[in-house]
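What follows is the residue order along each chain.
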Amino acid sequence: MRADLPAGTVTFLFTDVEGSTKLLHDLGADAYAEALAEHRRVVREACASQGGVEVDTQGDAFFFAFPTAPGGLAAASAFSEALASGPIAVRVGVHTGTPLLTEEGYVGVDVHRAARIAAAGHGRQVLVSAATAQLVDLELGDLGEHRLKDLSAPERIFQLGEGDFPALKSLYRTNLPVPATPFLGRERELQAVVELLSAEDVRLLTLTGPGGTGKTRLALQVAGLASDAYPDGVYWIPLAPLRDPTLVLATAGQALGAQAGLAEHIADKRMLCLFDNFEHVVDAAPELAHLLGTCPNVDVLVTSRERLRVSGEQTYPVPPLAEADGEALFLARARAVDPAFASSEAVRELCLRLDELPLALELAAARTALFSPEQLLQRLAQRLDLLKGERDADPRQQTLRATIAWSHDLISEDEQRLFRRLAVFSGGCTYEAAEEIAGADPDTLQSLLDRSLLRKRDSKLGPRYWMLETIREYAGERLQASGEAEELQRKHAAFFLELAEEGTVVVMDAGWVDRVDVEVDNVRGALDFAAAAGQSQRVLRAVASLRDFWFTRGYIAEGRTRLESALEADQERTSARCLALIAASAAEDVDGADGPTRRRRLGEAASIAAELGDPYLSALARLQEAWLLTRDAKWSETLAILDDVIPVLHDLGAWDVAIAANRTRAWTYGKLGDTERFWRLTEENLEQSRARGHREIEARSLGALSDRAADEGRLDEARELLVQSFRIDRELGNIPFVGMDLVRFADIHLRDGRPEVAASLVSRALAVFEEITFSPESWMTERVNDVTAALRGQLDDASFDAAWEAGGQMSVEEAVALALGPAERHM
């Protein structure tokens, strides 16, 4: 162990020369060598003067450690100033942490963090982490939060000194998950895969290997490192919960914010899509190949236990960790349990016996609190030897299975019971679901987390508990062997069908839609189980209740398919079938399906409601009929139905549905030319919707009132009202109306003399509709056509085409920022 290295709280400083290859070419070898030598002298003197210790140097890069944060920043300031007039442009990253100091040097995430901060900067720029910033009394420039390419959680970055620089080279436009632990080793594999991915003739790269080899972790790291090559984003599409290959592209659309119409969304964007765990849905490989053929600039990275076997695929078999990397991973995980854990010959032998498999190493390291390395080696060796005689199996898979089984055998009966029961969930679960369905309790759940048999991640609705797919497969086998599987599946289905049935056929509950969105894989599993178990009436009611989820979150195609399948499976004329028919009619209306089909379904729904003598169902069917009539601009017929239905809804106490109907009634009066009654009803709807918490109708009313203000020249008021409407639509996740809000914003910008902005917004709005396969209502189409015609009148063809193309290339977030303007962007 080096005695000169500071311990405890340490400030790390990394430097690197920007554009060294170009500089060598520009200066020539002799002048470059002289400049580099001078740069080294200046950096070393400045750091030494502040107590910095040179930990390492590689090529033209330095790594220093300082006992204090002020010393590190003083050194960075001094050598940056001294080098400012010379040809060498150094980027610097400074971070403070409490690393472990071992015989091998510093160990821990803080070293990697400092290096990544430096890599995010530019020549002559000094970047400072939040941890360092809070330890110094200096005025630092706040650059905001950034995700670094080590995939860590967003971190606030500061800048030392003046100067304007390009945007930091950090991750953006990405949904790559934040790993629970830092990436260790695999430098050779990282370089090889990044090089393959960057090759011009490689657009589909599949990382193959058995479960537990670290394919996902390697792929995520590669995606982060390669992100600079993909200005339109890097996206992770987890496929482990899926079993239906037809849902792969729809799932990808959700990850990209496209929901559906994936090829149209990607178009010619330069992006990377990482499809994780493809082996479960390998029959979707031809669709993926077609996507690559349709979208010329998208690259695809895949992890799978088997090749996809499609044209153009490049495979990379992921090897076990190198011996040194395997030992480093084991030590890092063991030191998370016991910081004093030391390496030994037994550790090295244990890593070899575990075939340097990352998951096997993690599972074994989780047991170091209980067993010494020698004990671990002895106990695991017995389990491993039992499998050596098995044939026709990948030796690495034998090792992993033995390690999982060994870890399982060491836990208590209560822990084993919960472990196997948690396999019933797809895509993880909340604690409440684990408690009700699997009988979880906090102590047992925490024990499984501590032993790396279970993982925890945050979601927008709170913590979720999940298993790596390899471990879940083993847990599923144990569940089947226990005889509990059918009962657990029944409880699981009942729980998530109940969640589905909390929805209504007419009125959207944003909180409920969010919950279903997070639990969509579990809901799918519940629907599939119930269908296979012959619970067809339950399925009908559930898929009907999910209507608003299918429509607003971009699952229109899946929702329509499930409604059709449920209706075909059970012809019994019940209230559940009536609701499903109404929902199916609405689904066909939303995606522009054949009119006679919609009306046939609606006619059957009305007939069933009459047979059952159910006034509420009859009212819902007639209300849907009124909405369909608006498609054909049959306003008088629409009004006659609404005038009959709304009083019935009031009498039944269905006020939320009545408010929605009254909104259509107001609109109908407007189409009939009775503007006075239209505005009176709109204002009445706004008041009633706010009183009853009907957020969707509140948004629609605000949008209409915004239109009136714009027509009357009150643009500031129009913008204010529309911002309120837009906020509600975003809160509800109502994607179709987010698109329509963009059209309304376009109209305001057009009236305010910004036609190029307006053209971009309309273009992006239409792209939203296409991406979710939404067929706009007649009034929406009319509004889009009016604004587009006005734009054509104000812009020449070249300007219009340029603005339109720019809008089509924007993300929804960029379009929203453009629409809102600086004052409202941080709403």
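Along each chain, numbering runs from 1 in the same order as the chain's sequence is written. Per-residue local features of the predicted model are confined to residues with pLDDT of at least 70, and side-chain atom pairs are confined, for both listing and counting, to 80 or more; whole-chain, interface and lining totals are unaffected and use all residues. The basis for the side-chain values is all heavy atoms of the structure; hydrogens and waters are excluded.

Draft legend 1. Focus on the overall build of the chain. Counting its regular elements, the chain contains 38 helices and 16 strands. For a compact globule of 827 residues, the expected C-alpha radius of gyration is about 28 Å, and the chain comes in at 31 Å, within 12% of that figure. Summarising its shape, the C-alpha atoms of the chain cover approximately 90 × 70 × 50 Å along the three principal directions. Type-normalised accessible area, obtained with a 1.4 Å probe on protein chains alone, sets the label of each residue: buried when under 20%, exposed when over 50%, and partly exposed for intermediate values. With 827 residues in all, the chain has 55% of them scored as buried. The contact criterion used throughout is that any non-hydrogen atoms of two residues lie within 4.5 Å. Partitioning the intrachain contacts of the chain with sequence separation of at least 6 by distance along the chain shows that 72% fall at a separation of at least 24. As displayed, the chain offers around 34,400 Å² of accessible surface, 49% of which is attributable to carbon and sulfur atoms. Computed over 87 positive and 131 negative side-chain charges, the separation of the two mean positions in the chain equals 2 Å. Only runs of H or I of at least four residues qualify as helices and only runs of E of at least two qualify as strands under DSSP, and these elements are numbered from the N terminus. Radius of gyration here is computed from C-alpha atoms only, and the compact-globule reference equals 2.2 Å multiplied by the residue count raised to the power 0.38. The Shrake-Rupley method, run with a 1.4 Å probe, gives the accessible areas here. Residue values count only the displayed protein chains as cover. Charged-residue counts in this description rest on Lys and Arg as positive and Asp and Glu as negative, His and the chain ends being excluded. In plain terms, the charge of a residue is placed at NZ if it is Lys, CZ if Arg, CG if Asp and CD if Glu.

Draft legend 2. Broad picture of the packing of helix α2 (residues 29–49) against helix α3 (residues 69–83). Orientation of α2 relative to α3, taken along the N-to-C sense of each, is 150 degrees, at an axis distance of 8 Å. In terms of axis orientation, α2 runs roughly antiparallel to α3. When you trace α2 past α3, the crossing you get is right-handed. Packed against α2, whose contacting residues are His39, Val42, Val43, Ala46 and Cys47, the element α3 presents Ala75, Ala78, Phe79, Ala82 and Leu83 at the interface. When residue character is reported, Ala, Val, Leu, Ile, Met, Phe, Trp, Tyr, Cys and Pro are called nonpolar, Asp, Glu, Lys and Arg charged, and the others, Gly included, polar. Along the lines of polarity and charge, the residues of the contact of α2 with α3 split into nine nonpolar, one polar and no charged. Note on definitions: angles span 0 to 180 degrees between N-to-C directions of axes, and those axes are lines fitted to C-alpha atoms, for helices only across the stretch in contact. Any angle that is under 35 degrees is reported as roughly parallel, and any over 145 degrees as roughly antiparallel; angles of 65 to 115 degrees are reported as roughly perpendicular and all others as oblique. Note: crossing handedness is left-handed where the near helix turns anticlockwise from the far helix by less than a right angle, and right-handed where it turns clockwise.

Draft legend 3. Structural detail: helix α29 (residues 635–652). Over its 18 residues, α29 runs 25 Å from end to end, which matches the ideal 26 Å to within 8%, given 1.5 Å per residue. Here α29 has its buried residues at Trp635, Thr638, Leu639, Ile641, Leu642, Val645, Ile646 and Leu649. Summarising the contacts, the buried residues of α29 are in contact with α28 (615–631) and α30 (655–671). Directly beyond the C-terminal end of α29, a positive phi value near 80 degrees is found at Gly653. To estimate how far a helix should reach, multiply one less than its number of residues by 1.5 Å.

Draft legend 4. Representation of the pattern of salt bridges. Should a side-chain nitrogen of Lys or Arg be within 4 Å of a carboxyl oxygen of Asp or Glu, the pair is scored as a salt bridge. Taken as a whole and judged by the stated rule, the model has 65 salt bridges. Here Glu345 and Arg348 are joined by a salt bridge, their closest N and O atoms 3.4 Å apart. Of the two residues, Glu345 and Arg348 are both situated in helix α12 (residues 345–353); the distance of three residues between them amounts to about one turn of the helix. When its relative accessible area of 54% is taken as the criterion, Glu345 is described as exposed. On the basis of relative accessibility, which here comes to 34%, the residue Arg348 falls in the partly exposed class. Arg560 serves as the salt-bridge partner of Glu564, at 3.2 Å between the closest nitrogen and oxygen. Linking Glu564 with Arg560, this pair stays in helix α25 (residues 556–569), spanning four residues, or about one helical turn.

Draft legend 5. Here's a closer look at the environment of Ala423. As for its placement among the helices and strands, Ala423 is situated in the loop between α16 (413–421) and α17 (431–438). Sequence separation of Ala423 and Asp707 is 284 residues, and the distance between their C-alpha atoms is 52 Å. Leaving out residues up to four positions away in the same chain, Ala423 has contacts with Arg472, Ala475 and Gly476.

Draft legend 6. Spotlight on the sheet that holds strand β12 (residues 271–276). Here the rule is simple: two strands pair whenever DSSP picks up at least two bridges between them. On the basis of which strands lie adjacent, the open sheet formed by five strands has the order β11-β12-β13-β10-β14 and parallel pairing. Among the strands making up the open sheet, the edge pair consists of β11 (234–238) and β14 (313–317). Taking the axes of each pair of neighbouring strands and ignoring which way they run, one obtains an average angle of 20 degrees across the sheet. The pairing of strand β10 (residues 204–208) with strand β13 (residues 298–304) spans five bridges and is classified as parallel. Across the sheet, the residue bridging to Leu204 is Val300, located in β13. With respect to the sheet, helix α7 (residues 215–225) is in contact with β10, β11, β12, β13 and β14, its orientation differing from that of β13 by roughly 160 degrees.

Draft legend 7. Highlighting the side chain of Arg367. Within the element layout of this structure, Arg367 appears in the loop between α13 (358–365) and α14 (373–387). An unpaired buried charge is present at Arg367: no salt bridge exists, and Glu415, the closest side chain of opposite charge, is 5.5 Å distant. Discounting residues that sit within four places of it in the chain, Arg367 has contacts with Leu376, Trp406, Ser407, Leu410, Ile411 and Arg451.

Draft legend 8. Here's a closer look at the sheet that holds strand β2 (residues 53–58). With mixed pairing, the seven strands of this open sheet are ordered in space as β2-β3-β1-β4-β7-β9-β8. Among the strands making up the open sheet, the edge pair consists of β2 and β8 (141–146). Mean inter-strand twist for the sheet, computed between neighbouring axes without regard to direction, equals 20 degrees. Two strands pair when backbone bridges link them, and β8 and strand β9 (residues 155–160) are joined in this way by four bridges, in the antiparallel orientation. If you follow Asp142 over to β9, its bridge partner there is Phe158. Most of the contacts of helix α4 (residues 109–119) go to strand β4 (residues 90–97), to which it runs at about 150 degrees, and overall it touches β1 (10–17), β3 (61–66), β4, β7 (126–129) and β9.

Draft legend 9. Representation of a nonpolar patch on the surface. Patch membership is restricted to residues that have no salt bridge and whose relative accessible area is over 30%. Joining uses 9 Å for like charges and 5 Å for the nonpolar side chains Val, Leu, Ile, Met, Phe, Trp and Tyr. On the surface, Tyr616, Val648 and Leu652 cluster together into a nonpolar patch covering about 220 Å² of accessible area. Tracing the sequence through the fold places Leu652 in helix α29.

Draft legend 10. Region of interest: a negative patch on the surface. Among the surface-exposed residues, Glu432, Glu435, Glu436, Asp441, Asp443 and Glu498 lie close enough to one another that they form a single negatively charged patch. Per-element tally for the negative patch: the top contributor is α17, with three residues. Following the sequence through the fold, Asp441 ends up in the loop between α17 and α18 (442–450). The exposure class assigned to Asp441 is partly exposed, which follows from its relative accessible area of 31%.

Draft legend 11. Spatial organisation of the packing of aromatic side chains. Note on ring pairs: Phe, Tyr and Trp rings are taken, using the six-membered ring of Trp, and paired if centres are within 6.5 Å. Classes follow the plane angle, with under 30 degrees stacked, over 60 edge-to-face and the rest tilted. On inspection of all chains with the given rule, the structure shows 16 aromatic pairs. Ring geometry for Phe425 versus Phe496: centroids 6.4 Å apart, planes at 85 degrees, classification edge-to-face. Placement of Phe425 in the loop between α16 and α17 and of Phe496 in helix α20 (residues 485–500) is noted, with a sequence separation of 71 residues between them. By way of ring pairs, the aromatic residues Phe12, Phe14, Phe63 and Tyr106 are connected into one cluster. Geometrically, a lysine NZ or arginine CZ counts as sitting over a ring once it is within 6 Å of the ring centre and also within 35 degrees of the ring normal. Residue placement shows Arg457 over the ring face of Trp466; its charged tip is 4.8 Å from the ring centre. We note Arg792 situated over the ring of Phe800; from NZ or CZ to the ring centre the distance is 3.8 Å.

Draft legend 12. Spotlight on the pairing of β12. Burial analysis of β12 places six of its six residues in the buried class, which makes it a mostly covered element. Side chains of β12 alternate between two faces, with Met271, Cys273 and Phe275 and Leu272, Leu274 and Asp276 buried alike. Examined bridge by bridge, β11 and β12 share five bridges and lie parallel to one another. Along β12, the bridge assignment pairs Pro238 with Asp276.

Draft legend 13. Here's a closer look at the confidence of the model for the chain. For every residue, the predictor reports its confidence as pLDDT, a number between 0 and 100. Of the residues in the chain, 96% have a pLDDT of 70 or more, and the chain-wide mean is 90. In this model residues 387–392 is a low-confidence stretch, pLDDT under 50, and it forms four contacts with partners more than four residues away in sequence or in other chains.

Draft legend 14. Up close: the pairing of strand β15 (residues 455–459). Pairing between β15 and strand β16 (residues 462–466): five bridges, direction antiparallel. Across the sheet, residue Arg457 finds its bridge partner in β16, namely Arg464. Counted between consecutive antiparallel strands, the loop separating β15 from β16 contains two residues.

Draft legend 15. Just the packing of helix α11 (residues 323–337) against α13, in detail. Running from N to C, α11 and α13 point in directions that differ by 30 degrees, and their axes come no closer than 9 Å. By the angle between their directions, the pair α11 and α13 is classed as roughly parallel. The two elements α11 and α13 meet at a crossing, and its hand is right-handed. Residues Gly326, Leu329, Phe330, Arg333, Ala334 and Val337 of α11 lie in contact with α13, whose contacting residues are Pro358, Leu361, Glu362, Ala364 and Ala365. Partitioning the contact of α11 with α13 into residue classes produces eight nonpolar, one polar and two charged.

Draft legend 16. Spatial organisation of unusual backbone geometry. You will see that Ala267, though not glycine, has its phi angle at about 50 degrees, which is positive. With respect to the helices and strands, Ala267 occurs in the loop between α9 (262–266) and β12. Residue Ala267 is classed as partly exposed on the basis of its relative accessible area of 33%. Here the phi dihedral of Ala633 falls at roughly 60 degrees; this positive angle occurs in a residue that is not glycine.

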